[in-house]
Amino acid sequence: MAFPPFEVLYERRLARALERARSMRDRPTSAMARDFFDGYVGGGGAASSSSSSWRTLPRRLWSATNDDSMEEEDEDDDDGGASIVEEEDGLTCRSLASLGWVDVHLRRPLREALNSAMMSAIGALVAGKYDEGGVLERVMQWKDDVLVPWTCGIVGHDAYGREGWSRRLEHTATECVVRVRMGELFDLVAEYPDSIPAVVELGVALERTGRLWYCELAGEFRNALVSRLLHPGAETAQIIEVYINTIKVLREMDPSGELLEVVTRPVRDYLRGRSDTIRCIVTSLTDEENGGELYEELRRADARPLEEAELDEEDDEEPPTFDWEPPPSILKRRGVITGQVGRVTSSSRRSGDILAMLVGIYGSKDLFVNEYRIMLADKLLCNLEYDTDKEVHNLELLKLRFGESTLRQCEVMVKDIDDSKRIQANIHSTLEMTAGDNGAPVVDAAIVSHIFWPALQREEMKYHPLIRSKLDEFSIEYAKLKNPRRLVWMKQLGSVELEVEVYEEDEEGNVKSRVKEVWCTPAHATLLAHFEDRSAWTSSALSVKTDMPEEAVRKRMGFWANQRMVRCGHQRDGDVIYTLMSVGDADASDLSFHDDEDQERAVSIGAHEEEEMKVYESYIFGMLTNLGQLPLDRIHSMLKTFVAGSDHKYDKTPQQLAVFLQQLCREEKLECSPDGLYSRLVASR
C-alpha cells in the first residue's frame, strides 16, 4: 500500500541539508531556519532537502493506522535498517540542537509539519467510520505511541514538558478529528441512528476544543444543508426527515440548543415556504405505515402539551418526585456559539421536543389543527364501515399535544359518524319491515353537521329517477326520526357499488358475458343508469339530462368505456355518441379511452380556504372605509390584532393575504395603487 502524499517530502539526507545550512551562514538565522525546514515540509523541487529521520515520521504515522502498509517496504529492509534509522534520528536531533534552531526558529515550522502529518494520518484513521465506537480513543493512543516519542526526540524532554507539548498534541489531534467529521456531518445526519457512535465522539471532541470550532461547524453544516437538501428536487417528506435527524444529532453535540438554532434556520425558512409542509407533517403524525419518527413522536410516554413545551425551565410548576434533580448552575448554561450565559434557546429545543419545533416553524398550531380537520373529514367520509376506533385513538393523542379545545370540531365530526351508524341501523330496520316488493334498503348515509365540518365538494347535478327514489325513501324516514331536521344530499360525494354485465373474451377467444362488481361515484352511476332507458346517448343529451357540464360527461363516460360497458363514436357535428356494448362489439379494437378514476377529495381545499378568507372580508372593508388607503403590511398587522379574539382566528401569511386582496381587486371590490396601497372602489361603497 502507498504511503501518504507527504512521504515524498522526506527523501534527502541530512548531510546535504547541513551543507546547505553552512552555505547560508551569512543570512539571518530565522531565514536559514525557515529555508532549512521548508526542505522537509514544503519541498519537492531540486533544492529541497530532507533526512531519514523526517522520513520515519510518515512511516510511523502510516504504519500506526494501517498495519499492513509496511509489508512491501519491510521486504527491502535488511536487519540493520532499524539501527540505521535510529542512528539518523539521533544525528538529526543533535544537529538541530547544535544549530540552536529547535527552541527559537523551528517552533512554528515544526507545528505546521505536525499538523499536516497528523491531519493526513488521522483522516485515514477516522474518515467514513460512522458506526464504530472508540475511534477517538484510538487516535489518542496513536498520538501517545507515535507522536509523543518522536516530538520528545526533536525538542528534548525538558522542553517537551516545559512548553506544554503534551497538551498541545492532544488538542491538535482532537482538532483534526473535528475537522474530518465536520466535512462528514451531513452524512452523519443521513446515516442516523447508525452513526450514533461517531456523533457522540464528535460531541466529546467539540467539548475539548472550545467554542471556536462550534462556529466553524455551524457555518459549514448550514452550507451543506442549503446546497445538498434545500432545492426543488428534494421531496418535502425527505427534508422533514433530515430535519428531524439533524435535531437529534445536534442535540447530542450541544444540549443548550444554540447550535441547532443557528444551523437549522435555513431549513425552517425553506419548509415554511413549501405549500405541502403542514400536510406532510400531519400525515406522518397519523400514518402508522409511513409515519416514521413523527408517528412515534406523537406516542411518546413523556410527551407534554405544546403550551408547556414552550415554557421556560424556570417556569415549570410540576410537583417534585424522588427522581428530581436541581437544574444546573446558570453559570454553566452557556451558549456554545455566542457564549451568552443563562437561557439561550427555548426549552423545546433544549428538551428535543420534535413536534414542538415543527409547529414552531409556523408559530401557530391552528394551521396544523385545520389541516388535520381536512384530512379527518376525507378519512371519515371514505370509511364505508363507520369504523372510527383508529381515528378516535389518533384524536385523543393529538388532544394531549395540541389541547382539547382546539380539536373540539374534530370530536363533533367523529361523533357525527358514530351517530350516522346508529341512525342508519334504525332507518334500515324500519324500511325492511315496510319494504314489500321494493327489496332491502340500499342507501347508507354519513350525516354530518355542516357547521363543524370543512367546506365539502359541491356540484349541481340531477340524479337518475331510480337513484332519486332510493334517496327519497331514506330522507323520509330520517325526517320522521329526527323531525324537524331534513337531509340535504351532497350529490357529488359518496360511493356506489354496482353489478354490471360485461362482454369479454376468454382465453380461447370466445366472447362471453359475466357479471362483475364496480365501485364508482354517484355521478358515474347516474350516467350509466340512463342507459337502462335507451342504449345510445350523445354527450350533449346526457349533459341536459343530468345538469352536468358536457366536458364532465365526456370525462366520466371514459371510465365506462374502459370498463367495456359502452362504445364511443363521433358524429359529424363533433358530438360524441355512446352506445351500450353488445356481443358483436366485444372484440372491437377501439375500446381504450382516457382513464378517469375520478378519485376526488371529499373536502374542497379551495372552497375551504375561500370560506376562511371571506370571514376577513368585512374586517378589510371596515378598516379601508375608516382609515382610507392602507398597505399590505398594515392590513396584515391589523387583522392579527382585531381578529385574534373572535371565533375565526387570523393565521394567514402576508403572501396569502396578498392573493386574497388581488382577488378582491379582480372582483372590482378593491383597487390597488401603483405604490401598493389598497382602497375601496367608489362603486362598491
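The model shown is predicted, which means the values in this text are computed figures rather than measured ones.

Within the protein chain one finds 30 helices and 8 strands. Looking at the protein chain residue by residue over its 685 residues, the buried ones come to 45%. In the protein chain, the proportion of contacts linking residues at least 24 apart, taken out of those at least 6 apart, comes to 71%. Accessible area for the protein chain stands at about 36,300 Å²; split by element, carbon and sulfur atoms hold 49% of it.

Evaluated as defined, the whole model comprises 21 salt bridges. Across the salt bridge formed by Glu261 and Arg268, the nearest N and O atoms sit 3.4 Å from each other. Residue classification places Arg268 among the buried residues on the basis of a relative accessible area of 6%. Salt bridges linked by common partners bring Glu261, Arg265 and Arg268 together as one network.

Take the packing of helix 11 (residues 196-209) against helix 13 (residues 236-253) next. Describing two packed helices takes the angle between their axes plus the distance from one axis to the other. Running from N to C, helix 11 and helix 13 point in directions that differ by 40 degrees, and their axes come no closer than 8 Å. By the angle class used here, helix 11 and helix 13 are oblique. Helix-helix and strand crossings are classified by hand; for helix 11 and helix 13 the assignment is right-handed. Contacts from Val199, Val200, Leu202, Gly203 and Leu206 in helix 11 reach Val249, Glu252 and Met253 in helix 13. Here the contact of helix 11 with helix 13 is composed, by residue class, of 6 nonpolar, 1 polar and 1 charged.

A separate point is the sheet that holds strand 4 (residues 566-570). Strand order in this open sheet of 3 strands is 3-5-4, and the pairing throughout is antiparallel. Because the sheet does not close on itself, it has two edges, and the strands there are strand 3 (536-538) and strand 4. Direction aside, the axes of adjacent strands within the sheet are offset by 25 degrees on average. In the sheet, strand 4 pairs with strand 5 (residues 576-580) via 5 bridges, with the strands oriented antiparallel. The partner of Val566 across the bridge, within strand 5, is Leu580.

Residues Glu385, Asp387, Asp389 and Asp418 make up a contiguous surface patch of negative charge. Mapping Asp387 onto the fold places it in the loop between helix 21 (366-382) and helix 22 (389-402). Among the residues examined, Asp387 registers a relative accessible area of 42% and is labelled partly exposed.

Checked against the element boundaries, Glu184 lands in the loop between helix 9 (165-182) and helix 10 (185-190). Sequence spacing of Glu184 and Tyr130 is 54 residues, and the spatial spacing of their C-alpha atoms is 9.4 Å. Not counting residues up to four positions away in its chain, the partners in contact with Glu184 are Ala127, Gly128 and Tyr130. For Glu184, the side chain forms a polar contact with the main-chain nitrogen of Gly128, separated by 2.9 Å.

Right, let's talk about the packing of aromatic side chains for a bit. On inspection of all chains with the given rule, the structure shows 3 aromatic pairs. Each ring, one from Phe474 and one from Trp489, has its centre 6.1 Å from the other, and the planes form 65 degrees; the classification is edge-to-face. Of this pair, Phe474 sits in helix 24 (residues 465-481) while Trp489 sits in the loop between helix 24 and strand 1 (496-505); the two residues are 15 residues apart in sequence, bridging distant segments of the chain. Residue class for Trp489 comes out partly exposed when judged on its relative accessible area of 21%. Lying across the ring of Trp165, Arg168 places its NZ or CZ 4.6 Å from the centre. Positioned over the ring face of Trp537 is Arg534, at 3.6 Å from the centre of the ring.

With respect to topology, 3 strands assemble into an open sheet ordered 6-8-7, the strand pairing being antiparallel. The sheet terminates laterally at strand 6 (630-631) and strand 7 (670-672), the two strands that pair on one side only. Where strand 7 meets strand 8 (residues 677-680), 3 bridges bridge the pair, whose relative direction is antiparallel. Note that in strand 8 the partner of Cys672 across the bridge is Tyr678. Taken strand by strand, helix 30 (residues 654-666) contacts strand 7 and strand 8, and its axis lies near 110 degrees from that of strand 7.

It is worth spelling out the pairing of strand 8 at this point. On a regular strand, each side chain points to the face opposite its neighbour's, so the side chains alternate between the two faces of the sheet. Pairing analysis gives 2 bridges linking strand 6 to strand 8, with the strands arranged antiparallel. The residue bridging Leu630 from the neighbouring strand is Tyr678, located in strand 8. Linking two consecutive strands that pair antiparallel, namely strand 7 and strand 8, is a turn of 4 residues; a positive phi of about 85 degrees is found at Gly676 within it.

Cis geometry is found at the peptide bond from Tyr192 to Pro193, where omega equals 10 degrees. In this structure, Pro484 follows Asn483 across a cis peptide bond, with omega equal to 10 degrees. Note that Pro484 resides in the loop between helix 24 and strand 1. Its identity is not glycine, yet Arg564 carries a phi of approximately 60 degrees, on the positive side.

For the rest of this paragraph, the subject is the packing of helix 16 (residues 277-286) against helix 21. Orientation of helix 16 relative to helix 21, taken along the N-to-C sense of each, is 60 degrees, at an axis distance of 9 Å. The orientation of helix 16 with respect to helix 21, classified from their angle, is oblique. The way helix 16 lies across helix 21 gives a crossing that is right-handed. Listed contacts from helix 21 to Ile278, Arg279, Ile281, Val282, Thr283 and Thr286 of helix 16 are Leu367, Phe368, Glu371, Tyr372, Ile374, Met375 and Lys379. Of the residues in the contact of helix 16 with helix 21, the class split is 8 nonpolar, 2 polar and 3 charged.

Residues at a pLDDT of 70 or more form 71% of the protein chain, whose mean pLDDT is 75. Per-residue pLDDT stays below 50 along residues 20-85; that stretch engages in 119 contacts with residues further than four places along the chain or on separate chains. Here residues 588-595 scores under 50 on pLDDT; set against residues more than four positions off or in separate chains, the count is 18 contacts.

Counting residues in hydrophobic clusters, the biggest one holds 73 residues, and the most contacted among them are Met253 and Phe402. Contact partners of Met253, with chain neighbours within four places excluded, come to Leu185, Val199, Leu202, Gly203, Leu206, Tyr214 and Leu259. Residues Ile423, Val443, Ala445 and Val566 belong to the second largest nonpolar core, which totals 34 residues.

Calculation notes
- Residues numbered from 1 in each chain as written.
- Predicted model: local features only at pLDDT ≥ 70, side-chain atom pairs only at ≥ 80, totals over all residues.
- Heavy atoms only, no water.
- Helix = DSSP H or I, 4+ residues; strand = E, 2+ residues; numbered from the N terminus.
- Buried < 20%, exposed > 50% of the residue type's maximum accessible area, 1.4 Å probe, protein only.
- Contact = heavy atoms within 4.5 Å.
- Areas by Shrake-Rupley, 256 points an atom, 1.4 Å probe, with all protein chains shown as cover.
- Salt bridge = Lys/Arg side-chain N within 4 Å of Asp/Glu carboxyl O.
- Axes fitted to C-alpha atoms, helices over the stretch in contact; angles between N-to-C directions.
- Parallel < 35°, antiparallel > 145°, perpendicular 65-115°, else oblique.
- Left-handed = near helix turned anticlockwise from the far one by under 90°.
- Nonpolar A, V, L, I, M, F, W, Y, C, P; charged D, E, K, R; others polar.
- Pairing = 2+ DSSP bridges.
- Patch = residues over 30% accessible without salt bridge, like charges linked within 9 Å, V, L, I, M, F, W, Y side chains within 5 Å.
- Lys, Arg positive; Asp, Glu negative; His and termini not counted.
- Charge placed at Lys NZ, Arg CZ, Asp CG, Glu CD.
- Polar contact = N/O pair within 3.5 Å; in protein donor to acceptor, adjacent residues only side chain to side chain.
- Phe/Tyr/Trp six-rings, centres within 6.5 Å; stacked < 30°, edge-to-face > 60°.
- Lys NZ or Arg CZ within 6 Å of the ring centre and 35° of its normal.
- pLDDT = per-residue confidence, 0-100.
- Core = buried A, V, L, I, M, F, W, Y, C linked by side-chain atoms within 4.5 Å.

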